[in-house]
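Chain by chain, the residues:
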Amino acid sequence: MKQFTSVNDVQNIDELLKTALEIKANPYAQQEIGKNKTIGLIFFNPSLRTRLSSIKAAYNLGANTWVLNAGSDSWTLEMGDGTVMDGDTQEHINEAIRVMSAYCDVLGVRTFPKLVDRDEDYQEIMFNKVKSLSSVPVVSLESATLHPLQSFADLITIAEKINYNPAAKPEKKIKVVMTWAPHPRRLPQAVPNSFAEWFSKVDWVDFTIVQPKGFELDSKFTEGATIAYDQDEALKDADFVYAKNWSSYENYGQANEGDKDWQVTMEKMNLTNNGKFMHCLPVRRNVVVSDEVLDSDVSIVIDEATNRIFSAQTVFHEILKNKIK
Amino acid sequence: MKQFTSVNDVQNIDELLKTALEIKANPYAQQEIGKNKTIGLIFFNPSLRTRLSSIKAAYNLGANTWVLNAGSDSWTLEMGDGTVMDGDTQEHINEAIRVMSAYCDVLGVRTFPKLVDRDEDYQEIMFNKVKSLSSVPVVSLESATLHPLQSFADLITIAEKINYNPAAKPEKKIKVVMTWAPHPRRLPQAVPNSFAEWFSKVDWVDFTIVQPKGFELDSKFTEGATIAYDQDEALKDADFVYAKNWSSYENYGQANEGDKDWQVTMEKMNLTNNGKFMHCLPVRRNVVVSDEVLDSDVSIVIDEATNRIFSAQTVFHEILKNKIK
Amino acid sequence: MKQFTSVNDVQNIDELLKTALEIKANPYAQQEIGKNKTIGLIFFNPSLRTRLSSIKAAYNLGANTWVLNAGSDSWTLEMGDGTVMDGDTQEHINEAIRVMSAYCDVLGVRTFPKLVDRDEDYQEIMFNKVKSLSSVPVVSLESATLHPLQSFADLITIAEKINYNPAAKPEKKIKVVMTWAPHPRRLPQAVPNSFAEWFSKVDWVDFTIVQPKGFELDSKFTEGATIAYDQDEALKDADFVYAKNWSSYENYGQANEGDKDWQVTMEKMNLTNNGKFMHCLPVRRNVVVSDEVLDSDVSIVIDEATNRIFSAQTVFHEILKNKIK
């Protein structure tokens, strides 16, 4: 693996999943791969799960890490080409990324969308700058439009829950439903875009996305998914319910309507095939999902968060395995 | 040891002290115990000694660490049960602690009192939430009402200064006096509560607490201690003088009167039995204690701070020793 | 090496350079030296290169690190002697440094000038306090007036570019020109002072400093250098052009005139002997230097930044090599 910025960097999802399950079963067995390797982690906005799970993943692999909170820890970055830098910005991203990538063997980067101009966000300007400037492989710790480490952790979680056997895939397809859910703020589409992009490609999954009209994701990520608008209908027979709020792609940058009826309650979970409840966290309790669901055995959100370690560790492993020093 | 949140988690203080002295004498000899172990450190307010000494302790033990400054590094936490989270809080502590404990083998947590409502602080609501939610052993890095790593470091320091021999305890009891001292701000009672709780239990110590009327600590921590109100009288024959400000437990949340006569000066140290001056730091010079005392050989405050390494290392050692991976 | 605070702590520059080139050629071969060693890094102002390169250097050497952002991570420090600390400052530097040095084996410290009172800055009050209080060797991560790790990295970079052979020094001296350049803000003289102090001592370098009248550096750092005022004239035949803005030492604390004609352009680089462009970074593009220069092969600024790893690693190596535990 040369980089990890979307599912398109994965040659074979099933193979990667198999490796992840092996690594989780024996997490300290690959430390020759991480030896003397440094994984640099740059955050352009706050993080809890991604920061800590990436650090833990690196340690498990025998590697070390550094973390930079861009902004508070370092200089104000200039993004524009050709700028006469006589204002507030102190360092150009051209130098910053080339320098930071000189100080590590893998560069993890989190960027974010401004949620104002769709084209600007969907062009992934900052993330693509980082990719083009870095002298070492880049791993997305979430970008403006994608969050592949989360989606991979979600896949590992589903595989565990169905006792996935790489040698004998499920006879009957597993029904996974991603449902839009209400939220008081405008949120990025990175998590649902990425989940859609991954699960549309898993051949043992029957994948449905359900959302209110006007909240459809960018169709380039949802090819192969069933697109639905009736939440109750979509949840029927679901094995896994993946809830997430996202703001409208169509009416980009506008406030959510926030239809509270889309909250995932136990009543709705009862429509499923003893389905499990999933969410990437952080989650707004009693807005996105009821306490009753989240505090029951139906919820597997902590499993997902735990698998962030093994999602990151597997990716670092695949990138570093050909570079043993 | 299953957790370390107060002296009550210690089965045998003398045994723990013996282990600490052995570890300090040979600090890199137990690295099999920390191998592949991660110690997570969460700070809900600033720290210097606790942060750095815990990191150093983990390294000495062969373990690795991560540090999270709750707030600046991550999301705004919701504490209330049943809250409809449609406001400013972004993640519920229920998820946050369960997730963070999934990313480590020991979870160190610092919380703090608000010093407004005594019941709220003394119920240790936040800290107890953390304990109940964590899937791994919890170590107090100071809570609203206790700071046991500090007290243990103080005990190690006194033991060193009297050439403590675990096989032959002191023939004559060592007189330890904890004295209230002035301070411009309202401070927690965590350090003095904890010191009282520990030193009331050490059978080779004669322990006195001296404070102005109205500044008595919660009696549940001071059982067995001599309670005095005349500072000069109490300091007579003291082998160790432990100075600390604390705000009133009785008149909780009200401003200190700040009687400046209680400052520890060389004149007062001269009343002791060549006593040593102790303080947990940070200390307000010429308010709590005079420069003259702090800059003389009488002061052992740097020894106490240094022993914070070995207090933490011993606790991590005891918790991890049965979990060698 | 007992400390690293200026070139005067270096016994033999050529020997140190030779060691650095050996370490760079084989960066993981000295890990016995760093084993169980902790390098503490204290920053009193932001840092990118210094922070990350020092961490990487420590890892390469098998050592571990901690980083403290003084201020945000810890307490407000009191600097004054004899102060009655009943105001805002919470901890005296006397305790803070003695404690922090107890938690590491080498203490790296970054301080900064206020650029108001020249005497105050040039007395290096804060840095000298740290040196006098630390119980372990101190390494400058930039002080008010010097930045020796940067200068040493610059020397390593020049040595690489000329294929420096320790056994056979260059027959013809290498012409190095440090030129003042414009900048919108008042900047410290630490980098140019230090560069001058180092390169005046390298016997195979012909060293010129060129600046506008009134921008001469403190003469105690420039002894042996050619002092020039005509930039075009000075650049003739230069093998290396080291650009840097600094505010006036003579008119200390006053605004720069900011003569834009001093910007380093390709036209000016064409006056040199196929000279290379150097800058310590961060650099203001199209103010200090044109995009055209920085984006061409003429620029070796990323090499300099990369060599910050090996400059720090060599210094840590020299300090720790006699302390193998």
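Think of each chain on its own: its residues are numbered from 1, step by step along the sequence as written. Chain A is the first chain written and ligand 1 is the first ligand written, with later ones labelled in order. Thresholds applied to this predicted model are a pLDDT of at least 70 for local features of residues and 80 or more for the giving and counting of side-chain atom pairs; totals over whole chains, interfaces and linings are not thresholded and use all residues. Side-chain metrics in this entry use all non-hydrogen atoms of the structure; hydrogen atoms and water are not considered.

Draft legend 1. Summary view of the domain arrangement of chain A. Residue and element names in this part refer to chain A. How far each domain reaches was decided by an automatic or database domain assignment. Per the domain assignment, the segments of chain A are domain 1 (7-146 + 308-320) and domain 2 (148-305). A straight line from the C-alpha centre of domain 1 to that of domain 2 covers 25 Å. Taken together, the contact between domain 1 and domain 2 spans 34 residues of the former and 37 residues of the latter. The quantity reported as buried area is the accessible area (1.4 Å probe) lost by two parts once they are put together, taken as the sum for both. Across the interface of domain 1 and domain 2, roughly 3100 Å² is buried in total on both sides, 66% from carbon and sulfur atoms. When the area that domain 1 buries against domain 2 is broken down by residue, the three leading residues are Leu115, Tyr122 and Arg308, summing to 23%. Only one rule defines a salt bridge in this text: a Lys or Arg side-chain nitrogen within 4 Å of an Asp or Glu carboxyl oxygen. Counting across the domain 1 and domain 2 interface gives 2 salt bridges. Its salt-bridge partner being Glu160, residue Lys24 comes within 2.6 Å of it at the nearest N-O pair. Any N or O atom pair separated by 3.5 Å or less is treated as a polar contact, with the protein-specific requirement of one donor-capable and one acceptor-capable atom, and with residues adjacent in sequence counted only for side-chain atom pairs. Viewed at the interface, domain 2 and domain 1 are joined by 14 residue pairs in polar contact (both at pLDDT 80 or more). Broken down by secondary-structure element, the contributors of at least two residues to the side of domain 1 that touches domain 2 are α1 (13-25), α5 (118-122), β6 (138-140) and α12 (301-320). The class makeup of the residues in the side of domain 1 that touches domain 2 is 19 nonpolar, 6 polar and 9 charged. Should any heavy atoms of two residues lie within 4.5 Å, those residues are counted as being in contact. Helix and strand definitions here come from DSSP, where helices need a minimum of 4 consecutive H or I residues and strands a minimum of 2 consecutive E residues; each element is numbered from the N-terminal end. Just so you know the grouping, Ala, Val, Leu, Ile, Met, Phe, Trp, Tyr, Cys and Pro go in nonpolar, Asp, Glu, Lys and Arg go in charged, and all remaining residues, Gly too, go in polar.

Draft legend 2. Summary view of the pattern of salt bridges. On inspection of all chains with the given rule, the structure shows 45 salt bridges over all chains. Across the pair Lys169 of chain A and Asp203 of chain A runs a salt bridge whose closest N-O atoms are separated by 3.5 Å. Of the two residues, Lys169 of chain A is situated in the loop between α7 (148-161) and β7 (174-180) and Asp203 of chain A in the loop between α8 (190-199) and β8 (205-210); the sequence distance between them amounts to 34 residues. For every residue, the accessible area obtained with a 1.4 Å probe (protein chains only) is divided by the maximum for its type, and the residue is called buried under 20%, exposed over 50%, and partly exposed between those limits. A relative accessible area of 35% places Lys169 of chain A in the partly exposed class. One salt bridge connects Glu95 of chain B with Arg285 of chain A, and the closest N-O pair in it is separated by 2.7 Å. Note that Glu95 of chain B is positioned in helix α4 (residues 93-102) and Arg285 of chain A in the loop between β11 (276-278) and α11 (291-294), a pairing that runs across two chains.

Draft legend 3. Up close: the packing of helix α4 (residues 93-102) of chain A against helix α6 (residues 125-133) of chain A. Residues and elements named next belong to chain A. What counts as an axis is a line fitted to C-alpha atoms, over the stretch in contact for a helix, and the angles between N-to-C directions run from 0 to 180 degrees. Where α4 meets α6, the closest approach of the two axes is 9 Å, and the angle between their N-to-C directions is 55 degrees. In terms of orientation, α4 lies oblique with respect to α6. α4 and α6 meet at a crossing whose hand is right-handed. Listed contacts from α6 to Ile93, Asn94, Ile97, Arg98 and Ser101 of α4 are Met126, Lys129, Val130 and Leu133. Class assignment of the residues belonging to the contact of α4 with α6 gives a composition of 5 nonpolar, 2 polar and 2 charged. If an angle is under 35 degrees, it is roughly parallel; if it is over 145, roughly antiparallel; if it lies from 65 to 115, roughly perpendicular; otherwise it is oblique. By the definition used in this description, the sense in which the near helix is turned from the far one sets the handedness, with an anticlockwise turn below a right angle giving left-handed and a clockwise turn giving right-handed.

Draft legend 4. Here's a closer look at the packing of aromatic side chains. Stacked, tilted and edge-to-face are the three classes assigned to paired rings of Phe, Tyr and Trp, where Trp is represented by its six-membered ring and a pair needs centres within 6.5 Å; plane angles under 30 degrees give stacked, over 60 edge-to-face, the rest tilted. Under the counting rule described, the total for this entry stands at 38 aromatic pairs over all chains. For the ring pair Phe199 of chain C and Phe207 of chain C, a centre distance of 6.3 Å and an interplane angle of 45 degrees mean the geometry is tilted. Phe207 of chain C carries the same exposure label as Phe199 of chain C, and that label is buried. Chaining the aromatic ring pairs together yields one cluster made of Tyr122, Phe221, Tyr249 and Tyr252 of chain A. We count a charge as sitting over a ring when the NZ of a lysine or the CZ of an arginine lies within 6 Å of the ring centre and within 35 degrees of the ring normal. One residue, Arg118 of chain B, lies across the ring of Tyr249 of chain B, its end atom 4.0 Å from the ring centre.

Draft legend 5. Expanded view of the relation of the copies chain A and chain B. Least-squares fitting of chain A to chain B yields an RMSD of 0.0 Å, with the transformation described by 0.0 Å of translation along the axis and a rotation of 120 degrees. Accordingly, the operation relating the two chain copies is best matched by a three-fold axis. Alignment of the copies relies on least squares applied to C-alpha atoms, considering only residues that score at least 70 for pLDDT in both.

Draft legend 6. Structural detail: the UniProt feature "binding site: N(2)-succinyl-L-ornithine" (unreviewed entry) in chain A. All names here are of chain A. Per the UniProt annotation, the sites labelled "binding site: N(2)-succinyl-L-ornithine" (unreviewed entry) are Glu142, His183, Lys244 and Arg284. Relative to the elements of secondary structure, His183 occurs in the loop between β7 and α8. Assessed through its relative accessible area of 13%, His183 is described here as buried. Polar side-chain contacts of His183 include one of 3.0 Å to the backbone nitrogen of Arg185. Mapped onto the elements, Lys244 comes out in strand β10 (residues 240-244). Owing to a relative accessible area of 8%, Lys244 belongs among the buried residues under this scheme. Leave out the neighbours within four places in its chain, and Lys244 touches Thr179, Trp180, Ala181, Leu187, Val191, Pro192, His279 and Cys280. UniProt positions are given in the numbering used here, feature names are shortened, and annotations may be inferred rather than shown by experiment.

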